[in-house]
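If you want the building blocks of each chain, they are given just below.
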Amino acid sequence: MRAVITVIGKDMVGILAKVSTVCAEHGINVLEVTQSILQDMFAMIMMVDIEKSNVPFTAFADELTALGESMGLSIHTMHEDIFNSMHTI
Amino acid sequence: MLNAHDILETITMIQEENLDVRTITMGISLLDCCDSDIDKACAKIYNKITDRAKNLVAVGEQIEKEYGIPIINKRISVTPVAMVLAACENKEPLKIAHTLEKAAVACGVNFIGGYSALVQKGFAAGDRELIESIPEALAQTEHVCSSVNIGSTKSGINMDAVELMGRVVKRAAELTADRDCIGPAKLVVFCNAPEDNPFMAGAFHGPGEPDCVINVGVSGPGVVRAALAKAGDCDLTAVADLIKRTAFKITRMGQLVAKEASARLGVPFGIVDLSLAPTPAVGDSVAYILEEMGLECCGAHGTTAALALLNDAVKTGGVRASSPVGGLSGAFIPVTEDAGMIAAARCGCLRIEKLEAMTAVCSVGLDMINIPGDTTPEVISAIIADEAAIGLINSKSTAVRVIPAIGKQVGEELSFGGLLGGGPVMPLNTASPARFIHRGGRIPAPLQSLKN
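Residues numbered from 1 in each chain as written. Chains lettered and ligands numbered in written order. Predicted model: local features only at pLDDT ≥ 70, side-chain atom pairs only at ≥ 80, totals over all residues. Heavy atoms only, no water.

A. Summary view of the overall build of chain A. A tally of helices and strands in chain A yields three helices and four strands. Reading chain A from its N end, one meets helices and strands in the order β-α-β-β-α-β-α. On C-alpha atoms alone, chain A measures out to a radius of gyration of 13 Å, which is about the 12 Å that the 2.2 N^0.38 rule sets for 89 residues. Dimensions along the principal axes, computed over C-alpha positions, put chain A at roughly 35 × 35 × 20 Å. Going through the 89 residues of chain A one by one, you find that 43% of them count as buried. Counting contacts in chain A only where the partners sit at least 6 residues apart, residues at least 24 apart contribute 69% of the total. (Helix = DSSP H or I, 4+ residues; strand = E, 2+ residues; numbered from the N terminus. Rg over C-alpha atoms; globule rule 2.2 N^0.38 Å. Buried < 20%, exposed > 50% of the residue type's maximum accessible area, 1.4 Å probe, protein only. Contact = heavy atoms within 4.5 Å.)

This is the structure in structure tokens:
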């Protein structure tokens, strides 16, 4: 099972590091990362494999949301099926 | 493969444009709860509902979390209660209303629908008792919703029931006058009622439905409006195409949620209802879509045409995204639940006559309209008859949910809160239709019912 993490907000040092640390702590493998910086707005999309995660998915999502709030970023963690069903036939 | 644009589009739809799944509604048949002893019937009803729906809210919240899609309401619809009441020796329908309320609270759902009767061709045992108890039932409960089907293209319109419903609507308002007349906001009078509709207040679990089923209603007027705003000044062919494509995406999301909910609850997946359901939140309005198409204000000449385009494009896009489609499927125009409609009604641009014309091309009918408190039951019956006639002749669902604002006049406001919203009292034509309504009898089924 794969999930998509999106991070949107003001660019700062250590965003990628902090998000991937949370993933690593829970045995979640990062498969793909794309990021872009438009002016000083940071947008990162991360595809992760949650098959071997050591916490329930919802707890993982909550942890990232809280991390986002503490850094002033908006972080969403969603199952990849939502994107597949909406954008592919 | 997913690309960044698609992912960000979905996130924007949910975060900024109010995309959500409006409701997961579990339909539960009560036909096996019939008993000649009403107390035994009530016990069976309570046990069946709380058993089937015990995980509904938890599963809904779990899906909401995992997929990141807000699911606004979890609801239950049941077999029209008049059918269960028919078997009881003591016809005390209020006992069943209280049982439904208790079961809804125990399951934690937002609404329970099905305090209903189907009387399009006449009254069977239990029907009249149930209908007459509706005002009390709505006043004494919070979560119970009621509907009555008084006509169908196949059967014609039962004008005795229409006459009765005028009085029932008025009485429901009078009994809840201290709570902004909320009673009739939970009561829908239908012609051609669909049996698998997941939306309240008109949801009930039709007699042809399986024992238990999951139906999902999507939403998303904000998304459609945002897509149109980005498209700029394209022609109407392009507008229809854009709405179609947006409706497709919204419906795919609804279908995913429906399939997941059905698998996790171990209950068959019924239908996705492709309705654009507005909320009072600014930006989640059907009226704003019509205005984005180029009308100065909803209610202006051109509104019916714009709504027809919208309604059909939503269906065309949605039907390709999900095979089991049903319910009401189209665009809703509930005045007090739609920020744009409230504004249009306040400024006088949107009037009930225009709304009636709009119901000929939208998915339901005269919905959530506040009318003066001194409106006579006959005028309410006549509104119902007019609306039912539109459904009858055009073979479509139509409905009336008007709220007589007891003690208030045109221009004053009612406020219900939550998804039901609030809005101004709208003026009506008060010339008397009393003689017509008191004739009773039936308006026969039209020629177009003879399709065999």
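B. View of the packing of helix H5 (residues 93-107) of chain B against helix H6 (residues 127-140) of chain B. Residue and element names in this part refer to chain B. Two elements in contact, H5 and H6, have axes whose closest approach is 9 Å; the angle formed by their N-to-C orientations is 40 degrees. Here H5 is positioned oblique relative to H6, judged by the angle of their axes. The crossing of H5 and H6 is right-handed. Facing Pro93, Leu94, Ala97 and His98 of H5, the residues of H6 in contact are Glu129, Leu130, Ser133, Glu136, Ala137 and Gln140. Its residues assigned to classes, the contact of H5 with H6 comprises five nonpolar, three polar and two charged. (Axes fitted to C-alpha atoms, helices over the stretch in contact; angles between N-to-C directions. Parallel < 35°, antiparallel > 145°, perpendicular 65-115°, else oblique. Left-handed = near helix turned anticlockwise from the far one by under 90°. Nonpolar A, V, L, I, M, F, W, Y, C, P; charged D, E, K, R; others polar.)

C. The arrangement of the sheet that holds strand E4 (residues 74-79) of chain A in detail. Strand order in this open sheet of four strands is E2-E3-E1-E4 (chain A), and the pairing throughout is antiparallel. With partners counted over all chains shown, the strands left at the sheet margins are strand E2 (29-38) and E4 of chain A, one partner each. With strand direction ignored, the average angle separating the axes of adjacent strands in the sheet is 15 degrees. Relative to strand E3 (residues 41-49) of chain A, strand E1 (residues 2-10) of chain A is paired through nine bridges, and the arrangement is antiparallel. Of the residues in E3 of chain A, the one forming a bridge with valine 7 of chain A is methionine 44 of chain A. Running over the sheet, helix H1 (residues 4-16) of chain B touches E1, E3 and E4 of chain A and is turned about 105 degrees from E4 of chain A. (Pairing = 2+ DSSP bridges.)

D. Geometry of the pairing of strand E4 (residues 144-152) of chain B. Residues and elements named next belong to chain B. Within E4, nine of the nine residues are buried, leaving the element largely enclosed by the surrounding structure. Inspection of the sheet shows strand E3 (residues 111-118) paired to E4 by six bridges, in the parallel sense. Bridge pairing links alanine 117 to valine 148 in E4. For the segment spanning E3, H6 and E4, crossover handedness is right-handed. (Right-handed = clockwise from strand over helix to strand, strands pointing away.)

E. Here's a closer look at the environment of proline 444 of chain B. Residue and element names in this part refer to chain B. Its place among the elements puts proline 444 in the segment after strand E13 (442-443). Since its relative accessible area comes to 59%, proline 444 is described here as exposed. C-alpha separation for the pair proline 444 and lysine 154, spaced 290 residues apart in sequence, amounts to 9.0 Å. The residues contacting proline 444, other than those within four sequence positions of it, are Gly156 and Leu392.

F. View of the pattern of salt bridges. Tallied over the entire structure, the rule returns 27 salt bridges over all chains. The salt bridge partner of arginine 2 of chain A is glutamate 80 of chain A, with a shortest N-O separation of 3.2 Å. Of this pair, arginine 2 of chain A sits in strand E1 while glutamate 80 of chain A is found in helix H3 (residues 80-87), placing the two residues 78 residues apart along the sequence. Judged by its relative accessible area of 30%, arginine 2 of chain A is partly exposed. On the basis of relative accessibility, which here comes to 11%, the residue glutamate 80 of chain A falls in the buried class. Here aspartate 241 of chain B and lysine 244 of chain B are joined by a salt bridge, their closest N and O atoms 3.7 Å apart. Here aspartate 241 of chain B and its partner lysine 244 of chain B are both found in helix H9 (residues 236-265), three residues apart, which amounts to about one turn of the helix. Residue class for aspartate 241 of chain B comes out partly exposed when judged on its relative accessible area of 30%. Connected through salt bridges with shared partners, the residues Asp32, Lys48, Asp51, Arg52, Lys54 and Asp211 of chain B form a single ionic network. (Salt bridge = Lys/Arg side-chain N within 4 Å of Asp/Glu carboxyl O.)

G. Spotlight on the domain arrangement of chain B. All names here are of chain B. With domains assigned, chain B is organised as domain 1 (27-191) and domain 2 (216-436). Relative placement of domain 1 and domain 2: their C-alpha centres are 22 Å apart. Counting from both sides, the interface comprises 38 residues of domain 1 and, opposite them, 40 residues of domain 2. The junction of domain 1 with domain 2 conceals about 3100 Å² of combined surface from both sides, 74% of it contributed by carbon and sulfur atoms. Here domain 1 is connected to domain 2 by one salt bridge. (Domains from an automatic or database assignment. Buried area = accessible area lost by both parts, 1.4 Å probe.)

H. Local environment of the interface of chain A and chain B. With 23 residues of chain A in contact, the opposing surface of chain B contributes 24 residues. When the two sides are added together, the surface that chain A and chain B hide from each other amounts to roughly 2200 Å², 74% of it contributed by carbon and sulfur. Seen at the junction of chain A and chain B, the total is one salt bridge. Taken together, chain A and chain B are joined by six residue pairs in polar contact (both at pLDDT 80 or more). (Polar contact = N/O pair within 3.5 Å; in protein donor to acceptor, adjacent residues only side chain to side chain.)

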